[in-house]
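Each chain, letter by letter, is given below.
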Amino acid sequence: MTPPVEGQTRTFERTFSVDDVRQFAELSGDDQPRHTEPDEDGRVMVQGLLTATLPTKMGSDNEVLASTLEFNFHRPVYTGDSITCRSTYDTVVEREDSYRFESEIVCENSDGETVLTGSSQGLIPKDD
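Residues numbered from 1 in each chain as written. Predicted model: local features only at pLDDT ≥ 70, side-chain atom pairs only at ≥ 80, totals over all residues. Heavy atoms only, no water.

Chemist: What's the story with the pattern of salt bridges in this structure? I'm lost.
Modeler: Once the charged atoms of two side chains with opposite charge are near each other, the side chains can pair. One pass over the structure, following the stated rule, counts 5 salt bridges. A salt bridge links Arg14 to Asp20, with the shortest nitrogen-to-oxygen separation between them at 3.1 Å. Its salt-bridge partner being Glu94, residue Lys126 comes within 2.6 Å of it at the nearest N-O pair. Of this pair, Lys126 sits in the segment after strand E5 (114-125) while Glu94 sits in strand E3 (residues 82-94), and the two are 32 residues apart along the sequence. (Salt bridge = Lys/Arg side-chain N within 4 Å of Asp/Glu carboxyl O. Helix = DSSP H or I, 4+ residues; strand = E, 2+ residues; numbered from the N terminus.)

In structure tokens form, the structure reads like this:
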């Protein structure tokens, strides 16, 4: 693992499918009609917490042990729309066995509109 650096930005992009939303609805119980019944364009609204899996996926890639995750949802996300999520390390403090960090999160749709913002705090263990 490459150590985190203040100011470093990580990016992940994903397009959710109707099947993704339906599976999440089954798993989470968030099966409101807006998540299960397609609109006239065949899209359904993606659950907010499914959208929030984008920054958690990036955390997993870096073996993050988050202590705090805070999300603000700004506008709906729909299936078929590409969402790009950026997470930037605001602070990184090296410890003997880990790195403590704080990061800011911004997710945007393909029109450049912000759909989710947030922050994360936690630590990343050092390799043994």
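Text resumes after the structure shown.
Chemist: Help me understand the nonpolar core, please; the structure alone is not making it clear to me.
Modeler: Note that soluble globular proteins tend to have their nonpolar side chains buried in a common cluster. In this structure, Val46, Leu50, Ile83, Cys85, Cys107, Val115 and Leu116 are the most contacted members of the largest nonpolar core, which totals 16 residues. Of all the secondary structure elements, the ones that give two or more residues to this core are helix H1 (18-28), helix H4 (53-61), E3, strand E4 (98-108) and E5. Leave out the neighbours within four places in its chain, and Val115 touches Asn72, Phe73, His74, Arg75, Pro76, Val77, Ile83, Cys107, Glu108 and Asn109. Membership of the second largest hydrophobic core comes to 5 residues, among which are Tyr89, Val92, Tyr99 and Phe101. (Core = buried A, V, L, I, M, F, W, Y, C linked by side-chain atoms within 4.5 Å. Buried < 20%, exposed > 50% of the residue type's maximum accessible area, 1.4 Å probe, protein only. Contact = heavy atoms within 4.5 Å.)

Chemist: What exactly am I supposed to notice about a negative patch on the surface here?
Modeler: Taken together, the side chains of Glu6, Glu70, Asp90, Glu102 and Glu104 make up a negatively charged region of the molecular surface. With respect to the element layout, Asp90 can be found in strand E3. You can call Asp90 partly exposed: its relative accessible area is 36%. (Patch = residues over 30% accessible without salt bridge, like charges linked within 9 Å, V, L, I, M, F, W, Y side chains within 5 Å. Areas by Shrake-Rupley, 256 points an atom, 1.4 Å probe, with all protein chains shown as cover. Lys, Arg positive; Asp, Glu negative; His and termini not counted. Charge placed at Lys NZ, Arg CZ, Asp CG, Glu CD.)

Chemist: Can you walk me through H1 in this structure?
Modeler: Along an α-helix, residues three or four apart share an orientation, since each turn contains 3.6 residues. Among the residues of H1, Val21, Phe24 and Ala25 are the ones counted as buried. Down the axis of H1, the buried side of the element spans an arc of 105°, and every buried residue falls inside it. In H1, the exposed residues that point more than 90 degrees away from the buried face are Glu26 and Leu27. Among the structural elements, helix H2 (33-36) and helix H3 (48-51) are those in contact with the buried residues of H1. (Arc of directions from axis to C-beta.)

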